[in-house]
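In case you want the letters, here they are:
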Amino acid sequence: MAWDDSASKIWIDGKMVNWEDAQIHVLSHVVHYGTSIFEGIRAYNNDNGTCVFRLKEHVKRLFDSAKIYKIDIPFTQEDIEEAIKETIKINDLKSCYIRPVVFRGYGELGVTPLGCPVNSVIAAWQWGSYLGEDGMAKGVNIGVSSWRKPAPNTFPALAKCGANYMNSQLAKLEAIDNGFDEAIMLDYAGNVSEGSGENIFLVEDNILYTPSLSSSNLKGITRDSIMKVARDLGHDVVEETISRERLYLADEVFFTGTAAEVTPIRSIDHRLVGEGKRGPICEKIQKTFFDIVEAKIEDKYGWLSYI
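The name recorded for the protein in an unreviewed UniProt entry is Branched-chain-amino-acid aminotransferase, from Methanobrevibacter oralis. The UniProt entry for the protein carries the following text under Function (unreviewed entry): "Acts on leucine, isoleucine and valine." Under the UniProt heading Sequence similarities (unreviewed entry), the note attached to the protein is "Belongs to the class-IV pyridoxal-phosphate-dependent aminotransferase family."

*Asks:* Can you tell me about the overall build of the protein, naming the residues and giving the values?
*Replies:* The number of helices and strands found in the protein is eight helices and 17 strands. For the protein, whose C-alpha radius of gyration is 19 Å, the value lies close to the compact-globule estimate of 19 Å for 307 residues. Structurally, the protein occupies a C-alpha span of about 55 × 45 × 30 Å along its principal axes. Here the protein, with 307 residues, has 53% of them falling under the buried criterion. In the protein, 70% of the contacts between residues at least 6 apart in sequence involve partners at least 24 apart. Summed over all atoms, the accessible surface of the protein reaches about 14100 Å², with 50% contributed by carbon and sulfur. A gap of 2 Å separates the mean positions of the 33 positive and 44 negative side-chain charges of the protein.

*Asks:* Could you give me a rundown of the packing of helix α2 (residues 55-68) against helix α3 (residues 77-90), with the residues and numbers involved?
*Replies:* Remark: α2 packs on α3, axes separated minimally by 10 Å, with the N-to-C direction vectors making an angle of 125 degrees. When the axes of α2 and α3 are compared, the pair comes out oblique. Handedness of the crossing formed by α2 with α3: right-handed. Counting all contacts with α2, which are made through Leu55, Lys56, Val59, Lys60, Leu62 and Phe63, the residues of α3 involved are Gln77, Ile80, Glu81, Ile84 and Lys85. Class assignment for the residues of the contact of α2 with α3 results in six nonpolar, one polar and four charged.

*Asks:* Mind laying out a nonpolar patch on the surface, listing which residues take part and the relevant values?
*Replies:* Residues Val26, Leu27, Tyr33, Tyr106, Leu109 and Val111 make up a contiguous nonpolar surface patch of about 600 Å² in total accessible area. Locating Tyr106 in the fold gives a position in the loop between β6 (96-104) and β7 (118-125).

*Asks:* So what about empty space enclosed by the protein? Which residues, and what values?
*Replies:* Using the criterion set out here, one finds one cavity of 30 Å³ or more in the structure. For the largest cavity, the calculated volume is near 40 Å³. Residue lining of the largest cavity: Arg42, Tyr44, Phe53, Thr222, Gly257, Thr258, Glu261 and Phe289, and that is the complete set. Here the lining of the largest cavity is composed, by residue class, of three nonpolar, three polar and two charged. Residue assignment places the lining of the largest cavity across two domains, with domain 1 (9-126) and domain 2 (133-294) each supplying three or more.

Parameters at a glance
Residues numbered from 1 in each chain as written. Predicted model: local features only at pLDDT ≥ 70, side-chain atom pairs only at ≥ 80, totals over all residues. Heavy atoms only, no water. UniProt positions renumbered as here; feature names shortened; annotations may be inferred. Helix = DSSP H or I, 4+ residues; strand = E, 2+ residues; numbered from the N terminus. Rg over C-alpha atoms; globule rule 2.2 N^0.38 Å. Buried < 20%, exposed > 50% of the residue type's maximum accessible area, 1.4 Å probe, protein only. Contact = heavy atoms within 4.5 Å. Areas by Shrake-Rupley, 256 points an atom, 1.4 Å probe, with all protein chains shown as cover. Lys, Arg positive; Asp, Glu negative; His and termini not counted. Charge placed at Lys NZ, Arg CZ, Asp CG, Glu CD. Axes fitted to C-alpha atoms, helices over the stretch in contact; angles between N-to-C directions. Parallel < 35°, antiparallel > 145°, perpendicular 65-115°, else oblique. Left-handed = near helix turned anticlockwise from the far one by under 90°. Nonpolar A, V, L, I, M, F, W, Y, C, P; charged D, E, K, R; others polar. Patch = residues over 30% accessible without salt bridge, like charges linked within 9 Å, V, L, I, M, F, W, Y side chains within 5 Å. Salt bridge = Lys/Arg side-chain N within 4 Å of Asp/Glu carboxyl O. 1 Å grid on protein atoms, 1.4 Å probe; cavity = no way out; pocket = protein on both sides within 12 Å on 5 of 7 lines; lining within 4 Å. Points joined across faces, edges and corners; volume = space filled by probe spheres on them. Domains from an automatic or database assignment.

Right, here's the structure in full:
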């Protein structure tokens, strides 16, 4: 993720601040304890203008994450939705990535965060395909990580919290060290969970399978979108516990997520998936997804919020 500081304004606690002035104190609670919750959102430009993909659902999940971690956001969901739109407009962005983040700021140190203010920030910048344009078409090479997702009674996987992603960083760094594009992580029981920052789907005999939310994975908004698209295309979608070896035997495997969008997987642990390229079902779902956000077909789901 390369910064584009030509997007020169960042929204902080209700005010637009110059990019270079968007700073926090080094003794802010978030720096020491990872006490932040955040979202990743995309805006797309099409013939009807610039639209934010599933804006309300993303902002609701931000507030849900805050509730789990007992962080009281000093704005309403509607305030944040409007601030996201304003941040895109003031920076004259068309297609972009949007990062709202809420964190415990500068007040006092110690594990208890209650003496620290809650700060809210929204930034936006241009960002292409997370795993590369080539990967979107041909697929990416993945390794199963030795690092597992935490058990349900350790870190809450449904919260998109900054501290949770230290676990993901370990898996991503290991994948890079081993020459892979990305990692697949197993849950605390050794079953498939998700990527370091993506949900995962398998295709077996034209049926889509994805790990249930009991597998320490995030309740992905793109995941939910793809499940709806797949069913409308005539495919059954099953949420269940998925064993590791099914990854190797699947006809197709692909990632979904705000950053990854819909990215096919060509190999896992040096074993080709299917024919070792983007499969027909992934391609069909991928095309339908982009046709919706690019306004080539009707947005019958009401997913696009225009600026």
